[in-house]
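Inside the fold
Single-letter residue listing:
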Amino acid sequence: MSCWMPGCPALSMCRGLATLPITCLERAKDLKTRLGILLHKPELGHRIGTSSKLQLSSRWRDSSRDVLEWRESFDQLLKSKSGVTAFHTFLKTEFSEENLDFWLACEDFKKTRSKTKLASKANRIFEEFVQSEAPREVNIDHETREITRKNLSGATSTCFNEAQAKTRTLMEKDSYPRFLKSASYQDMTKQATSCGISKRSHT
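The paragraphs below set out a description of the structure included in this document. Along each chain, numbering runs from 1 in the same order as the chain's sequence is written. Only residues with pLDDT of 70 or above have their local features reported here, since the model is predicted, and side-chain atom pairs are shown and tallied only from 80 upward, although totals for entire chains, interfaces and linings are computed over all residues. To obtain the side-chain values, all non-hydrogen atoms of the structure were included, while hydrogens and water were left out.

**Focus on the pattern of salt bridges**
Rules: Take a side-chain nitrogen of Lys or Arg and a carboxyl oxygen of Asp or Glu: if they are within 4 Å of each other, that pair is a salt bridge. Each helix corresponds to a stretch of at least 4 residues labelled H or I by DSSP, and each strand to a stretch of at least 2 residues labelled E; elements are numbered beginning at the N terminus. Working definition: with a 1.4 Å probe on protein chains only, accessible area under 20% of the residue-type maximum means buried, over 50% means exposed, and in between means partly exposed.
Taken as a whole and judged by the stated rule, the model has 12 salt bridges. With its nearest N and O atoms 2.5 Å apart, the salt bridge here joins R136 to D101. Separated by 35 residues along the polypeptide, R136 in the loop between α7 (115–130) and α8 (142–151) and D101 in helix α6 (residues 97–109) bring together distant segments of the chain. Of the residues examined, D101 reaches a relative accessible area of 3% and is grouped as buried. Between R168 and E172 there is a salt bridge whose closest N-O contact spans 2.8 Å. Highlighted residues: R168 and E172, both in helix α9 (residues 161–181), separated by 4 residues, approximately one helical turn. Within the structure, one salt-bridge network assembled from shared partners comprises D75, R168 and E172.

Here is the structure:
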């Protein structure tokens, strides 16, 4: 619907978009497309399905500003659904996505209220990620593994806290810095930055 009246918000918005350079609009579209593809990858959460009901939304809501915020801290990355998806995709290239999958499974586990479900979930998570020779064994020390094993005898929402913390620290100090230096993330930040600069110069 068009609007011919002076001061019409729709008309002002159209004029604002018209002042943006074509390259900026193209970059924004490309950035959205790239992140949209990441969000629709079927791998994320596929193997967690037996131990977690956590599902990442397929609706893209983050702006280019959020992409830039991922580099501010590991916490900022984990708070963003699209950031988690992008990080998971990167971890798959390093064959270490089980660390993030375990962390996500633990986050979902903490939300469980039923004691019966808590016990069954705890056993599934332990068998899938923690026990020695587990199908998707995470990289934690023997002492942490044994502490977690003992915690299963009286499973509570905190029984994986130590193992989850060790896995998170490993990702933050090891995988996260490499993700920030990766070609895919560098490309996204360049597009987001250049588009942001173009927008500011035309406001």
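Now, onward.
**A closer look at the packing of α6 against α7**
The axes of two packed helices give the description: the angle between them and the distance between them. Heads up, the condition is: Where helices are involved, their axes are fitted lines through C-alpha atoms of the stretch in contact, as for all axes, and angles between N-to-C directions lie from 0 to 180°. Convention used here: angles under 35 degrees read as roughly parallel, angles over 145 as roughly antiparallel, angles from 65 to 115 as roughly perpendicular, and any remaining angle as oblique. Should any heavy atoms of two residues lie within 4.5 Å, those residues are counted as being in contact. Polar here means any residue other than Ala, Val, Leu, Ile, Met, Phe, Trp, Tyr, Cys and Pro, which are nonpolar, and Asp, Glu, Lys and Arg, which are charged; Gly is therefore polar.
Running from amino to carboxyl end, α6 crosses α7 at an angle of 170 degrees, the nearest separation of the two axes being 11 Å. With respect to α7, the axis of α6 lies roughly antiparallel. Packed against α6, whose contacting residues are E98, D101, F102, A105, D108 and F109, the element α7 presents L118, K121, A122, I125, F129 and V130 at the interface. For the contact of α6 with α7, the residue count by class is 8 nonpolar, no polar and 4 charged.

**Describing the side chain of S96**
Within the secondary structure, S96 sits in the loop between α5 (81–93) and α6. Contacts of S96, omitting those with residues within four sequence positions, involve L91 and S175.

**Considerations on the nonpolar core**
Note the cut-off: Nonpolar cores are built from buried Ala, Val, Leu, Ile, Met, Phe, Trp, Tyr and Cys residues. Side-chain atoms within 4.5 Å join them into one set.
Counting 19 residues, the largest nonpolar core has W70, F87, L100 and F179 as its most contacted members. Within the residue set of this core, elements represented by two or more residues are α4 (74–79), α5, α6, α9 and α10 (183–201). Counting residues per element, this core draws most heavily on α5, which supplies 5 residues. Beyond its immediate sequence surroundings of up to four residues, L100 is in contact with L78, V84, F87, H88, L91 and M171. Counting 16 residues, the second-largest nonpolar core is a separate cluster that includes A122, V130, I140 and C159.

**Let's talk about the environment of H88**
Summarising the element assignment, H88 is placed in helix α5. As for H88 and N99, which are separated by 11 residues in sequence, their C-alpha atoms are 9.4 Å apart.

**With respect to α5**
The criterion, for reference: Here the expected length of a helix is defined as 1.5 Å per residue gap, with one fewer gap than residues.
When the terminal C-alpha atoms of α5 are compared, their 19 Å separation across 13 residues agrees well with the 18 Å that a helix rising 1.5 Å per residue should span. Buried within α5 are the following residues: S82, G83, V84, T85, A86, F87, H88, T89, F90 and L91. Immediately beyond the C-terminal end of α5, within one or two residues, lies F95, with a positive phi of roughly 55 degrees.

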